[in-house]
Amino acid sequence: VSLFAASASAQTYPERSITMVVPFSAGGPTDTVARLVAESMSKDLGQQIIVENVGGAGGTLGAGRVAQADPDGYTILLHHIGMATSATLYRKLAYDTLNAFEYVGLVTEVPMTIVARKDFEPTDLKGLIEYAKANKDTVTVANAGIGAASHLCGMMFMSAIETPLTTVPYKGTGPAMTDLLGGQVDIMCDQTTNTTKQIQGGTIKAYATTSPKRLKIFPDLPTAEEAGLKGFQVGIWHGVYAPKGTPADVTDRLSKSLQKALKDENVAARFAELGTEPSSEADATPAALKAKLESEIARWKPVIEAAGQYAD
Ligand code: MLT
């Protein structure tokens, strides 16, 4: 009976609109990625994918909502690296990260940039590191709240330079950037989806990108590695998930559709403007996302434990 039900669902799925939960606010970096992909997937699936923003608690509220949803393919989740880091950051998660979801595939990996308010003294990354070490009691690091990409990158930065600095958590990327632009806070490490326009406009200064290679949009900006931080790499990867128990033929249908969307010229062009590119077809698969989630939980656990910054 279940086999019959499964194949019947694949033939007719989707019969109505699908809700894609984004666990951050509308207009932010994750939402931007989700809406581009959802629009393209909607065309392929012949049904609307409606993005619903369920922000709060570093993405864990939205993920929790999807973990509880009916496993019928009509509620899915697009989440970033926070899916992995929250497993350590949050001591009381309402779901078991590795057992509450089915996997659809990886979407993209957004690089980060280490940036500062426009008039901040250091002129390059080496200078920033020296300045931060000499002024560790006064240098402030903005982030978009515990579990945000900027929080993770900030932790990684402080750990790499072995210097704890004062962190200033904001309610989201928008207010964090506003204060950086206004000069109320000194530095931030944030996603290119959030920093590109400001760097191009000269309203903030950029020291380095956290990607392994220089970015096409900023060919003169060194990688952190080139600029003196050996091994410093942070990429904000995104994945699409479904609640545990969603039939495999439904998640396969979603994977195929995701793969198609990632080859959509319009999606690739918009990603390029944001400093990123679509994941490969091989990565936009359930197996690749599962492997990434597992390896990233293991990679971040010691970094978070060393920083000792947990959320309750
Ligand atoms: C967002 O979309 O608000 C961000 O991706 C949050 C973050 O900085 O992690």
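Above this text you will find the structure in question.
A brief structural summary. Keep in mind that what you see is a predicted model, and the values were worked out from it rather than measured. (Residues numbered from 1 in each chain as written. Predicted model: local features only at pLDDT ≥ 70, side-chain atom pairs only at ≥ 80, totals over all residues. Heavy atoms only, no water.)

### Considering the site of the ligand
Around the ligand, the surrounding shell consists of F24, G28, P29, T30, H80, A148, A149, T173 and Q191. Side-chain polar atom of T30 to an oxygen atom of the ligand: 2.6 Å apart, as the coordinates give it. Contact distances for the ligand include 2.7 Å between an oxygen atom and a side-chain N or O atom of H80. Contact with the protein chains covers 97% of the free accessible surface of the ligand, which is 270 Å². A per-class count over the shell around the ligand returns four nonpolar, five polar and no charged. (Near = heavy atom within 4 Å. Polar contact = N/O pair within 3.5 Å; in protein donor to acceptor, adjacent residues only side chain to side chain. Areas by Shrake-Rupley, 256 points an atom, 1.4 Å probe, with all protein chains shown as cover. Nonpolar A, V, L, I, M, F, W, Y, C, P; charged D, E, K, R; others polar.)

### A look at the packing of aromatic side chains
Aromatic rings considered in pairs are described by the distance between their centres and by the relative angle of their planes. Counted under the stated rule, the structure contains six aromatic pairs. Where Y13 meets Y74, the ring centres are 5.3 Å apart and the plane angle is 65°; that geometry is what we call edge-to-face. Residue Y13 is located in the loop between helix 1 (2-12) and strand 1 (18-22), and its partner Y74 is located in the loop between helix 3 (60-68) and strand 3 (75-80); the two are separated by 61 residues in the primary sequence. Among the residues examined, Y13 registers a relative accessible area of 6% and is labelled buried. When the ring of F101 is compared with that of Y241, the centres are 5.9 Å apart and the planes differ by 65°; the resulting orientation is edge-to-face. You can see F101 sitting in strand 4 (residues 101-117) and its partner Y241 sitting in strand 9 (residues 235-243), a full 140 residues away along the chain. The exposure class of F101 is buried, given its relative accessible area of 1%. (Phe/Tyr/Trp six-rings, centres within 6.5 Å; stacked < 30°, edge-to-face > 60°. Helix = DSSP H or I, 4+ residues; strand = E, 2+ residues; numbered from the N terminus. Buried < 20%, exposed > 50% of the residue type's maximum accessible area, 1.4 Å probe, protein only.)

### Describing the pattern of salt bridges
Under the counting rule described, the total for this entry stands at 15 salt bridges. R16 serves as the salt-bridge partner of D72, at 3.6 Å between the closest nitrogen and oxygen. Note that D72 is positioned in the loop between helix 3 and strand 3 and R16 in the loop between helix 1 and strand 1, a separation of 56 residues in sequence. For D119, the salt bridge goes to R117, with nearest N and O atoms at 2.9 Å. Within the structure, one salt-bridge network assembled from shared partners comprises D44, R253 and K260. (Salt bridge = Lys/Arg side-chain N within 4 Å of Asp/Glu carboxyl O.)

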